[in-house]
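Fold and geometry: a report
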2 protein chains.
Amino acid sequence: MSLIVQKYGGTSVGNPERIRNVAARVAQWRDQGHQLVIVVSAMSGVTDGLLKLAKQVSAEPRDRELDMLLATGEQTTIALLAMALQDRGIPAVSLTGAQAGIVTDGVHTKAKISNITPAAVKKFLQDGSVVIIAGFQGQTAEGQITTLGRGGSDLTAIAIASAIKADLCQIYTDVDGVYTADPRIVPTARKIPEISYDEMLEMASSGSKVMQSRSVEFAKKFGVIFEVRSSFNDNEGTIVKAETKSMEQVVVRGVSIEKNQAKVTIAGVPDKPGVAARLFSSIADAHINVDMIVQNVSLPANGATLGHTDITFTLNKDDLPKARKVIDALATESGAKEILVQEGIAKLSVVGIGMRSHSGVAATLFTALSEVGVNIQMISTSEIKIAVVVDEVRAAEAMQAAHDKFGLSTLLK
Amino acid sequence: MSLIVQKYGGTSVGNPERIRNVAARVAQWRDQGHQLVIVVSAMSGVTDGLLKLAKQVSAEPRDRELDMLLATGEQTTIALLAMALQDRGIPAVSLTGAQAGIVTDGVHTKAKISNITPAAVKKFLQDGSVVIIAGFQGQTAEGQITTLGRGGSDLTAIAIASAIKADLCQIYTDVDGVYTADPRIVPTARKIPEISYDEMLEMASSGSKVMQSRSVEFAKKFGVIFEVRSSFNDNEGTIVKAETKSMEQVVVRGVSIEKNQAKVTIAGVPDKPGVAARLFSSIADAHINVDMIVQNVSLPANGATLGHTDITFTLNKDDLPKARKVIDALATESGAKEILVQEGIAKLSVVGIGMRSHSGVAATLFTALSEVGVNIQMISTSEIKIAVVVDEVRAAEAMQAAHDKFGLSTLLK
């Protein structure tokens, strides 16, 4: 008998029929003798509906009241899932985030979990009930309702799993697990049976958006082993855990791609302390997420006066108009020569903890791309990732080439 | 400056536009310098929608989970109303029943308020905020979410008004106040400016369903003065309060009618102790509300053997099939001779605390009815009410006649 936390996202509980399906799945696990805690999101579409209502009564709804409003979405799902389980004769009890003892700070709409007091959860488990917890929400020590922001339900599941020392945490979603590459782009992509937290983090930040980084970071910090799997079939998913020796034998874990990117180069910036700081502070203040940042050494041959440099960064194409305003102002102020913007690019990343101890991964990637004639526009590396910027229309081809070159299609059976 | 509690029902907050209208009304009162606590129901239709979802996942949803589900309805409204007020620049804060300190017993779906700890309400009022409270809900001392059952939001308003010692409690609804008779039936009916708790209770139990008796009883018990008025205009409503000397000068306060009734006579029941008790216990166990009960003395002339009697009671026509099963079983068992059921009847009630000290009210009513040739089928009286059962098709006419005879059309200006 194990103690298992399962999390079902909005699509998995998107209508009454699907909620009944989740109940059937939970019943199967319970029949095997396991104790179960289920974390659920709002039914898909519900949160958007609530936000629409908010916009109809207020031009700029306040965060505290948005939390009060949005928290009803998950509360609806927990009640319905408890009913569906009871309808199958399974004792079940629903708990709001507050009732489950999830205490957060007071930053409404993006609260952080401060601590969890799972007394009620444990009591109801001991009584033999399946405990159903509203994801995405908590309350402050003063009793104000808060929500955890994007990826909040995953975070609830992993935090609860940590607090009650669950044997396993299963994140049910609409994909089968984490793949060596997006199977819609690379038909030979394989599901990865096991992956380390760090690899999962790099995959997530590289466009393979199975989960928000935040939840993976939390799991890593507290050593929560979790499995990403599908709520629409019975296939085993991907286990995410601390790295093991055997993992290191795999050099490259997967290849991911992020489209819809843009590249901004600020050319001829005076090469003195504080310029980059000022630039990226302004961009952060405008709530624009910048991804890759590359600054090369200043070389006169490059057309730059000595003492001047070029800074290039990538960002989501949709953020470009907002970013442009900030940059234009700053570029003038800092005495930059020119601003170059390029859309139609994609970021291709190769991730794997094995590459730390294996040289030549970068060389292999560059060779793979050159063999299919894809030009590399930018390069950036971390300890377990190599990312390159390529032309968006060649991205799929580049991904397939890299996937093949690293032998990912055959590596896992 | 007064401290005012206002309650708005589901129709008054039925859509975003109406919520904005309520915000405008609240703003008006606030501009006059008043402190305000607003209690709201779920938007009309929302509760039914949630119940429909519940039925889609469970044949017989459990009460605890129904409470968890239904409580989201009011929670949605409080958040939206707070946003709408904030959008007008008015500081506002929403509180769930639990956050407002409403503690109930553990009888889910029809919980009773045990006590109120309005610390949070008082704090936010002191901060200068309009405090918006979810009606119809509370929590047990153990932190379980409960709902108060029918008329629950009115009860929340009156209980909060009592707990914070409000100067006035206004129940906003879709009617202008309490009338001497239903204006749709009696065109000369007038709005009653002031009415006693007892009269209001008798009016409510006589088909003038402005409010559930329960809230009026609570107000009477704790001496909460409240006003029933419309959320769709600015007319003054009806003040409900303890009786005063001047009230007693009005003999009859109003006439009300209840249609859709049925009458059941159990004839020839052995006239011995326990028979009636057993009959009405069985009916109560089946959750059927019986209204008038009449048992006359046993007289042999009436065809009944001495030692036998006839018991007649009225009930809602819709409850007849359920009631019939219980009665058939019991009648056989108790040795009753016959069961007579009659539909198509209505109950006409005349209510007024003045009738206690004025004789002849019954005579006046009977005369009024005989003048228009309406036959009286049953009579039942209390200290401040006379109720008669008449043919349903003649009910409106009978009501108009009684209204005229008691001078209600001209009594109030």
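Here is what the cut-offs are and how they apply
- Residues numbered from 1 in each chain as written.
- Chains lettered and ligands numbered in written order.
- Predicted model: local features only at pLDDT ≥ 70, side-chain atom pairs only at ≥ 80, totals over all residues.
- Helix = DSSP H or I, 4+ residues; strand = E, 2+ residues; numbered from the N terminus.
- Rg over C-alpha atoms; globule rule 2.2 N^0.38 Å.
- Contact = placed C-beta atoms within 7 Å.
- Pairing = 2+ DSSP bridges.
- Axes fitted to C-alpha atoms, helices over the stretch in contact; angles between N-to-C directions.
- Nonpolar A, V, L, I, M, F, W, Y, C, P; charged D, E, K, R; others polar.
- Parallel < 35°, antiparallel > 145°, perpendicular 65-115°, else oblique.
- Left-handed = near helix turned anticlockwise from the far one by under 90°.
- Least-squares fit on C-alpha atoms with pLDDT ≥ 70 in both.
- Buried ≥ 20, exposed ≤ 12 C-beta atoms within 10 Å, placed from the backbone.
- pLDDT = per-residue confidence, 0-100.

On to the overall build of chain A, then. The helix and strand tally for chain A stands at 13 helices and 18 strands. In terms of overall dimensions, chain A is globule-like: its C-alpha atoms have a radius of gyration of 24 Å, near the 22 Å expected for 413 residues. Overall, chain A is about 75 × 55 × 30 Å in size when its C-alpha atoms are taken along their principal axes. Sequence separation of 24 or more characterises 75% of the internal contacts of chain A that already satisfy a separation of 6 or more.

Quick look at the sheet that holds strand S1 (residues 3-8) of chain A now. Residues and elements named next belong to chain A. One open sheet accounts for eight strands, arranged S3-S6-S2-S1-S9-S11-S12-S10; its pairing is mixed. In the strand order of this sheet, the two ends are held by strand S3 (92-95) and strand S10 (194-196), each with one partner. Direction aside, the axes of adjacent strands within the sheet are offset by 20° on average. Note that S1 and strand S2 (residues 35-40) share six bridges and pair parallel. If you follow Ile 4 over to S2, its bridge partner there is Leu 36.

To continue, consider the interface of chain B and chain A. Every contact between the two is made by 28 residues of chain B and, on the other side, 28 residues of chain A. For the side of chain B that touches chain A, the elements supplying multiple residues, two or more each, are helix H1 (16-31), helix H2 (46-57) and helix H3 (63-87) of chain B. The biggest single contributor to the side of chain B that touches chain A is H3(B), with 14 residues. Its residues placed into classes, the side of chain B that touches chain A shows 15 nonpolar, nine polar and four charged.

Inspection of the secondary structure assignment puts B:Ala189 in the loop between strand S9 (168-173) and strand S10 (194-196). Note: C-alpha distance between B:Ala189 and B:Asp271 (82 residues apart in sequence) is 44 Å.

A separate point is the packing of helix H11 (residues 361-371) of chain A against helix H12 (residues 395-405) of chain A. Two packed helices can be described by the angle between their axes and the distance between those axes. Residue and element names in this part refer to chain A. Contact geometry for H11 and H12: axes closest at 9 Å, N-to-C directions at 130°. By the angle between their directions, the pair H11 and H12 is classed as oblique. For the crossing formed where H11 meets H12, the hand is right-handed. Judged by residue contacts, Thr 364, Leu 365, Ala 368, Leu 369 and Glu 371 of H11 engage Ala 398, Ala 401, Ala 402 and Lys 405 from H12. Residues belonging to the contact of H11 with H12 are distributed by class as follows: six nonpolar, one polar and two charged.

Across a sheet, paired strands are connected by hydrogen bonds in the backbone, their directions being either parallel or antiparallel. Residue and element names in this part refer to chain B. If you trace the six strands from one edge of the open sheet to the other, you get S14-S15-S13-S16-S18-S17, paired in antiparallel fashion. Only two strands of the sheet have a single partner each, and these edge strands are strand S14 (290-295) and strand S17 (378-382). For this sheet, the mean angle separating the axes of adjacent strands, direction not counted, is 30°. As judged from the five bridges shared by S17 and strand S18 (residues 385-391), these two strands associate in the antiparallel manner. Residue pairing across strands places Ile 379 opposite Val 388, the latter belonging to S18. Across the sheet, helix H9 (residues 275-285) is in contact with strand S13 (254-270), S14 and strand S15 (308-316); its angle to S14 comes to roughly 165°.

Here chain B sits on chain A after a turn of 179° about the axis and a move of 0.0 Å along it, with an RMSD of 0.2 Å. Such a combination of turn and shift is consistent with a two-fold rotation axis. Closest approach to the rotation axis among the C-alpha atoms of chain B is made by B:Thr72, whose C-alpha sits 2.6 Å away. A share of 100% of interface residues in chain B that are also interface residues in chain A marks the association as one of identical surfaces.

Each α-helix winds once per 3.6 residues, and so residues spaced three or four apart point in a common direction. Residue and element names in this part refer to chain A. Burial of helix H6 (residues 197-204) is extensive: eight of the eight residues sit out of reach of the surface. For H6, the set of buried residues is Tyr 197, Asp 198, Glu 199, Met 200, Leu 201, Glu 202, Met 203 and Ala 204. Packed against the buried residues of H6 are S10, helix H7 (213-222), strand S12 (238-241), strand S13 (254-270), strand S16 (338-351) and strand S18 (385-391).

For the rest of this paragraph, the subject is unusual backbone geometry. You will see that A:Asn260, though not glycine, has its phi angle at about 60°, which is positive. The topology assignment puts A:Asn260 in strand S13. Non-glycine residue B:Lys165 carries a positive phi angle of around 55°. Along the polypeptide, B:Lys165 turns up in the loop between helix H5 (152-163) and S9.

A few words now on the packing of H6(A) against H7(A). Residues and elements named next belong to chain A. At their nearest, the axes of H6 and H7 sit 9 Å apart, and the two run at 170° to each other. Considered as vectors, H6 and H7 are oriented roughly antiparallel to each other. From H6, Tyr 197, Met 200, Leu 201 and Ala 204 reach across to H7, where they touch Ser 213, Val 216, Glu 217, Ala 219 and Lys 220.

What follows deals with the confidence of the model for chain A. Chain-level pLDDT for chain A is 90 on average; 96% of the residues reach the 70-or-more range. What the predictor reports for the complex is a pTM of 0.84 with an ipTM of 0.83.

Moving on: the pairing of strand S2 (residues 35-40) of chain B. Buried residues dominate S2(B), accounting for six of its six residues. Alternating positions in S2(B) separate into two faces, B:Gln35, B:Val37 and B:Val39 on one and B:Leu36, B:Ile38 and B:Val40 on the other, with burial throughout.

Right, let's talk about the environment of A:Glu217 for a bit. Residue and element names in this part refer to chain A. If you trace the backbone, Glu 217 turns up in helix H7. The exposure class of Glu 217 is partly exposed, given the 17 C-beta atoms found within 10 Å. Taking the C-alpha atoms as reference, Glu 217 lies 37 Å from Ala 336; in sequence the two are 119 residues apart.

Attention now moves to the environment of B:Ala396. All names here are of chain B. Mapped onto the elements of the fold, Ala 396 is located in helix H12 (residues 395-405). For Ala 396, a count of 18 C-beta atoms within 10 Å translates into the label partly exposed. C-alpha separation for the pair Ala 396 and Ala 346, spaced 50 residues apart in sequence, amounts to 9.5 Å.

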